[in-house]
Amino acid sequence: MKKELLAPAGDIEAGYAALYYGADAVYLGLQQFSARATAANFNEENLRDFVGYAHHLGRKVFAAVNTLVQEKELPDLLKTLDICSRCNVDAVIIQDLGTARIVREQYPELEMHASTQMAVHNKEGALALQKLGFSRVVVARELSLSEIKEIAAIPGLETEAFIHGALCYSYSGLCLFSSMESGKSANRGKCLYPCRALFDGESGEKHYFSMKDMALREDVLKMPVTSLKIEGRKKTALYVAAVTDYYRNILDGKGAAEQKEENIRQIFSRPWCKFHFNGKSKDVIDRDYVGHRGLFIGKISSVQNGRMLLTPVHGIARFDGIQIDVPGEEKPFGFSLQNLRVNGKNVFEAEAGQVVEIILPAKVPVLKKGYAVYLASATAVKGAYPYEKPKAGKFKPRYPLQVSVAVRKNKVMAGANGFAAEVSGEFLPAEQPEKTAAAIEKAFGKTGDTFFELAGLVMDNPDGLFVPVSLLNDLRRLLYAKIVLPEKRGILPAMESRILPRLVKKIVKTDAPENIVLLNLADVDEIIVLLSPDFNISVLKNLPKNKVRLALPAVCRRPKQFEPLIAKLLGQGYKKWEIGNYWGLQVLPRNGIDLSFDASLYMMNTQAVQEAKSVGAGRVTLALEDTPANWQNVALSAALPVVLVIYQDVPLFTSAACIRSNDCKNCVRGEKRIEMLRNGEKYTALSKDCQIMMFAEKPFCVAAEASSVRADFLRADFCYKKYSPEQVKAIWNKVMKGQDVPLCRKGNTGRRI
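Here is what the cut-offs are and how they apply
- Residues numbered from 1 in each chain as written.
- Predicted model: local features only at pLDDT ≥ 70, side-chain atom pairs only at ≥ 80, totals over all residues.
- Heavy atoms only, no water.
- Helix = DSSP H or I, 4+ residues; strand = E, 2+ residues; numbered from the N terminus.
- Buried < 20%, exposed > 50% of the residue type's maximum accessible area, 1.4 Å probe, protein only.
- Contact = heavy atoms within 4.5 Å.
- Lys, Arg positive; Asp, Glu negative; His and termini not counted.
- Charge placed at Lys NZ, Arg CZ, Asp CG, Glu CD.
- Axes fitted to C-alpha atoms, helices over the stretch in contact; angles between N-to-C directions.
- Parallel < 35°, antiparallel > 145°, perpendicular 65-115°, else oblique.
- Left-handed = near helix turned anticlockwise from the far one by under 90°.
- Nonpolar A, V, L, I, M, F, W, Y, C, P; charged D, E, K, R; others polar.
- Pairing = 2+ DSSP bridges.
- Expected span 1.5 Å × (residues − 1).
- Arc of directions from axis to C-beta.
- Patch = residues over 30% accessible without salt bridge, like charges linked within 9 Å, V, L, I, M, F, W, Y side chains within 5 Å.
- Areas by Shrake-Rupley, 256 points an atom, 1.4 Å probe, with all protein chains shown as cover.
- Salt bridge = Lys/Arg side-chain N within 4 Å of Asp/Glu carboxyl O.
- Phe/Tyr/Trp six-rings, centres within 6.5 Å; stacked < 30°, edge-to-face > 60°.
- Lys NZ or Arg CZ within 6 Å of the ring centre and 35° of its normal.
- Polar contact = N/O pair within 3.5 Å; in protein donor to acceptor, adjacent residues only side chain to side chain.
- 1 Å grid on protein atoms, 1.4 Å probe; cavity = no way out; pocket = protein on both sides within 12 Å on 5 of 7 lines; lining within 4 Å.
- Points joined across faces, edges and corners; volume = space filled by probe spheres on them.
- Core = buried A, V, L, I, M, F, W, Y, C linked by side-chain atoms within 4.5 Å.

Chemist: Any chance you could break down the overall build of the protein for me, citing the residues and the numbers?
Modeler: Per the secondary structure count, the protein includes 18 helices and 39 strands. Considering only C-alpha atoms, the protein reaches an extent of 105 × 85 × 45 Å along its principal axes. Per-residue burial for the protein yields a buried fraction of 57% across its 753 residues. By sequence separation, contacts in the protein at least 24 residues apart represent 70% of the contacts at least 6 residues apart. The distance from the centre of the 102 positive side-chain charges to the centre of the 83 negative ones in the protein is 3 Å.

Chemist: Can you lay out the packing of helix H11 (residues 433-445) against helix H12 (residues 469-482) for me, pointing to particular residues and giving the numbers?
Modeler: Running from N to C, H11 and H12 point in directions that differ by 40°, and their axes come no closer than 9 Å. Judged by the inter-axis angle, H11 sits oblique to H12. Pair H11 / H12 crosses with right-handed handedness. Touching Ala439, Ile440, Ala443 and Phe444 of H11 are Val469, Leu472, Asn473, Leu475, Arg476, Leu479 and Tyr480, all from H12. When the residues that make up the contact of H11 with H12 are grouped by side-chain class, the tally is nine nonpolar, one polar and one charged.

Chemist: Any details on the pairing of strand E13 (residues 295-304)? Residues and values, ideally.
Modeler: Direction of pairing for E13 relative to strand E22 (residues 372-377): antiparallel, over a ladder of four bridges. Within E22, the residue paired with Phe296 across the bridge is Tyr374. When E13 meets strand E14 (residues 307-310), the two strands line up antiparallel, connected through four bridges. Looking across to E14, one finds that Val303 is bridged to Met308. Hairpin remark: E13 followed by E14, antiparallel, with two residues in the connecting loop; positive phi at Asn305, about 55°.

Chemist: Tell me about H12, and name the residues and values.
Modeler: The first and last C-alpha atoms of H12 sit 20 Å apart over 14 residues, in line with the 20 Å expected at 1.5 Å per residue. Looking at H12, one finds that the buried residues are Leu472, Asn473, Leu475, Arg476, Leu479 and Tyr480. The buried residues of H12 occupy an angular sector of 160° when projected down its axis, which confines them to one face. The elements touched by buried residues of H12 are strand E23 (399-407), strand E24 (411-416), strand E25 (419-424), H11 and strand E26 (452-460).

Chemist: Any details on unusual backbone geometry? Residues and values, ideally.
Modeler: One non-glycine residue, Arg217, lies in positive phi territory at about 50°. Tracing the chain through its elements places Arg217 in the loop between strand E10 (213-215) and strand E11 (227-230). Positive phi, close to 55°, is recorded for Leu743, a residue that is not glycine. Considering the arrangement of structural elements, one finds Leu743 in the segment after helix H18 (725-735). Residue class for Leu743 comes out exposed when judged on its relative accessible area of 69%.

Chemist: Explain a negative patch on the surface to me, and be specific about the residues and the numbers.
Modeler: Where like charges cluster on the molecular surface, the negative patch consists of Asp200, Glu205, Glu329 and Glu330. Note on placement: Glu205 falls in strand E9 (residues 204-206). For Glu205, a relative accessible area of 55% puts it in the exposed group.

Chemist: Give me the packing of aromatic side chains: which residues, what numbers.
Modeler: Considering all chains together, one arrives at 24 aromatic pairs under this definition. Relative to Tyr53, the ring of Tyr16 has its centre 5.6 Å away and its plane inclined at 75°; by these criteria the two rings are edge-to-face. Placement of Tyr16 in helix H1 (residues 12-20) and of Tyr53 in helix H2 (residues 44-56) is noted, with a sequence separation of 37 residues between them. One exposure class covers both Tyr16 and Tyr53, and it is buried. Seen in terms of ring centroids, Phe718 and Tyr723 are 5.2 Å apart; in terms of plane orientation they differ by 90°. Their pairing is edge-to-face. Per residue, the accessibility class of Phe718 equals that of Tyr723, and both read buried. Here the basic side chain of Arg141 rests over the ring of Phe162, its NZ or CZ set 3.8 Å away from the ring centre. Lying across the ring of Tyr574, Lys545 places its NZ or CZ 4.9 Å from the centre.

Chemist: Describe the environment of Asp325, and please don't skip the residues or the numbers.
Modeler: For Asp325, the location among the structural elements is in the loop between strand E16 (321-324) and strand E17 (333-336). Residue classification places Asp325 among the buried residues on the basis of a relative accessible area of 10%. A sequence separation of 237 residues divides Asp325 from Asn88, and the C-alpha atoms of the two residues are 48 Å apart. When sequence neighbours within four positions are dropped, the list of residues in contact with Asp325 reads Tyr289, Arg293, Pro332, Tyr371, Ala372 and Tyr374. Only 3.3 Å separates the side chain of Asp325 from the side chain of Arg293, close enough to count as a polar contact.

Chemist: Requested: an account of the sheet that holds E26, with residues and values cited.
Modeler: Read across the open sheet, the four strands follow the order E25-E24-E23-E26; overall the sheet is mixed. Of all the strands in the sheet, just E25 and E26 have a single pairing partner and so form its edges. Strand-to-strand twist across the sheet, computed as the mean angle between neighbouring axes with direction ignored, equals 20°. Bridge analysis of E24 against E25 gives six bridges, and the strand direction is antiparallel. Paired with Ala414 across the strands is Ala421, a residue of E25. The strands touched by H11 are E23, E24 and E26; relative to E26, the strand with the most contacts, the crossing angle is about 155°.

Chemist: Just give me the short version of empty space enclosed by the protein, but keep the residues and values in it.
Modeler: Considering all chains together, one arrives at six cavities of 30 Å³ or more under this definition. Its boundaries defined by the atoms lining it, the largest cavity holds a volume of some 170 Å³. Taken together, 16 residues make up the lining of the largest cavity; nearest its centre are Arg36, Asn66, Thr116, Phe162 and Arg233.

Chemist: An account of the side chain of Asn66 is requested, with residue identities and associated values reported.
Modeler: You can see Asn66 is positioned in the loop between strand E3 (60-65) and helix H3 (74-86). Of the polar contacts made by the side chain of Asn66, one reaches the backbone nitrogen of Ala35; its length is 2.9 Å. Here Asn66 is in contact with Phe33, Ser34, Ala35, Ile93, Ile94, Gln95, Ser115, Gln117, Asn187 and Arg233, once residues within four sequence places are set aside.

Chemist: Explain the nonpolar core residue by residue, including any values.
Modeler: In terms of nonpolar packing, the biggest core is built from 227 residues, with Trp577 and Phe597 touching the most fellow members. Considering every element that reaches this core, the biggest residue donor is helix H8 (residues 237-251), with nine residues. Excluding residues that lie within four positions of it along the chain, Trp577 makes contacts with Leu531, Arg549, Leu550, Leu552, Ile566, Leu569, Leu570, Leu588, Ile593, Asp594, Leu595 and Ser596. Ala414, Ala421, Ala443 and Ile483 belong to the second-largest nonpolar core, a separate cluster that totals 22 residues.

Chemist: Could you give me a rundown of the environment of Lys391, with the residues and numbers involved?
Modeler: Mapped onto the fold, Lys391 is located in the loop between helix H10 (379-382) and E23. A C-alpha to C-alpha distance of 39 Å links Lys391 and Ala430, two positions 39 residues apart in sequence.

Chemist: Please set out the side chain of Thr80 residue by residue, giving values where relevant.
Modeler: Looking at the secondary structure, you find Thr80 in helix H3. Not counting residues within four places of it along the chain, the set of residues in contact with Thr80 comprises Leu30, Gln32, Phe33 and Val65.

Chemist: I'd like to hear about the pattern of salt bridges, residue by residue, with values.
Modeler: Enumeration according to the criterion identifies 52 salt bridges in this entry. Taking the shortest distance from any N to any O, the salt bridge between Arg101 and Glu611 comes out at 4.0 Å. Separated by 510 residues along the polypeptide, Arg101 in helix H4 (residues 97-106) and Glu611 in helix H15 (residues 606-614) bring together distant segments of the chain. Comparing Arg101 with Glu611, the two get one shared label, buried. Asp598 is the salt-bridge partner of Arg715, the closest N and O atoms lying 3.1 Å from each other. Here Asp598 lies in the loop between strand E31 (594-597) and H15 and Arg715 lies in strand E39 (residues 713-718), a separation of 117 residues in the sequence.

The quantities given are spatial measurements derived from coordinates; they are silent on function.
Here you go:
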């Protein structure tokens with residue numbers, strides 16, 4: 001099977017570069033609802049041009065409509081989907097379940113691809129999304145080759161996997177760090193990347209969560225997926241060209257060219273890794289430096305009197321940019337080479353192996369012998385990737401017109417698509433009537449910059465009259481200016497309504513039932529217990545079974561671990577369940593259970609809630625990173641009862657990249673809590689079973705806002721952190737009275753996300 005090479009385009013220039021250097025498909029974003037909101041992105045005009053050109057070449061274009069959508073934004077979402085439909089994109093990439101429902105019901109011409117933001121990390125999650133109408137899933141970057149193969153073997157489902165580019169520390173879609181810290185949501189395309197910041201941890205101040213870049217190189221040939229995806233919608237056209245060209249060569253059997261690899265490193269790269277492609281690896285985080293590093297070219301030989309000696313392993317030239325790793329500095333020190341000397345002479349270029357004397361800039365940190373030096377930009381490489389692009393408008397889709405023209409003695413009339421125009425005059429018999437017919441056909445065939453092409457022409461000139469060409473051109477312009485193209489105008493699919501509750505019910509959630517023993521369970525309407533593969537069922541015996549709901553975690557790399565536990569609990573009569581990821585839909589029965597969606601399934605609009613109902617959910621949980629105004633909008637109109645979490649230690653991210661200082665071979669793999677500090681704020685990283693979760697010292701609490709939301713259920717969570725029964729009782733009693741706990745975080749209360 002021929003693999004699709006899928007390249008990014010943050011703007012139309014990057015798109016043209018991708019096509020020129022061999023991309024089989026390009027993915028891009030529009031002005032709204034793109035997970036790369038700060039990229040230039042595409043408007044309708046250049047999207048139409050680009051899609052037309054790509055289709056002319058036999059390539060595909062996918063539009064990323066892959067952010068979470070608030071209720072008030074649904075009309076704008078329809079406008080974006082209208083554009084996708086009018087411009088004939090081949091598929092839309094989706095995270096939001098409401099967007100998926102709208103596309104499936106109102107835009108069947110658009111294929112649906114499940115975004116990496118949906119955190120598809122096992123076969124069961126992929127199968128669940130296939131049943132929802134997705135033709136393709138983008139698998140989580142954390143997966144190994146064997147896990148990718150298992151998903152790729154699903155009949156009738158296309159798979160897409162990242163092969164090169166930046167890595168998120170968290171599973172995509174499960175990171176709330178930027179949103180909770182600043183209101184800039186990664187799930188809405190606005191991430192500020194706080195994970196790449198400096199933290200004080202068990203090994204001192206380090207960038208514990210700053211990932212290296214992925215680069216699978218020739219390992220892409222082992223991947224059984226439909227599509228091989230390059231990350232980079234915020235990168236330049238030069239970067240897109242270089243990376244696309246590199247992997248095109250590999251896929252075409254020409255191998256991984258060292259020079260092309262060096263070019264990529266010079267244009268932009270952090271240190272490279274293969275993440276967990278070959279199994280668990282600790283070599284995925286760059287603790288010491290952040291940002292672009294470049295191509296390693298050697299180490300400093302000496303520094304004296306404002307000059308540095310270097311014997312590079314790669315040629316360098318004046319005006320190239322170099323960077324030097326300086327211990328203790330967050331970023332490498334960089335500057336442009338303004339002067340080079342070899343053998344005491346000024347040179348424009350220095351070859352590999354020559355001893356080069358470099359004059360340092362005026363302001364420079366302390367540099368020492370042995371510091372690593374990188375070529376961070378090269379003038380030669382900047383001109384190494386020219387590309388062709390079409391004349392603007394040349395390949396935009398044209399609408400076929402059937403035109404009729406009638407010539408009478410005092411006027412000429414033309415019509416098409418229900419529109420008409422006419423010009424007046426005095427028209428006499430033509431000496432050569434056939435030339436009039438040819439002139440009419442030529443005039444109306446000139447469609448110019450319009451969206452039309454002449455598909456057919458009917459002429460009625462019974463008296464063989466002559467019409468000047470200038471008047472025919474005027475008539476054509478008048479007619480074509482009047483014609484309005486039929487446009488796709490989507491509408492929101494119909495939704496069900498419900499009666500709002502009279503009484504608000506109370507829920508407690510815990511991963512340690514012994515911590516809720518001091519609660520008056522008569523005052524608790526429901527107890528949610530978070531399960532783990534080694535969960536001890538006996539702890540449930542002291543809880544009222546009719547009030548217990550069992551929760552599956554959002555991330556589970558081996559769902560089969562849960563199958564015996566689920567079967568046993570179902571057999572014991574536990575019918576209430578909660579899921580935090582789509583894999584739960586596959587492992588639980590569709591009938592005979594009471595199913596709830598947790599907050600990590602992001603119910604931000606009523607269309608998403610309606611879709612949740614269609615797959616069997618009996619209630620949903622409002623998204624933690626949402627705003628009170630939108631919580632209320634959803635709660636008032638949702639087709640299902642809604643839960644508002646009013647207290648929780650929010651997982652700021654969930655990651656498969658371990659930050660323990662020991663190696664994997666000598667790891668005891670038990671629970672470990674690592675205290676972290678950043679900008680005066682304290683955090684705890686919980687490491688357990690090769691997974692890292694991060695929590696702020698201050699809990700999330702919106703108890704004071706709860707009454708305005710009008711949710712059906714209020715929930716307080718006591719998971720992941722260590723609580724005593726006394727602490728749980730005190731917090732529960734306070735928040736259920738509508739009072740916030742001291743020193744809490746309010747999430748996005750008072751913000752726009």
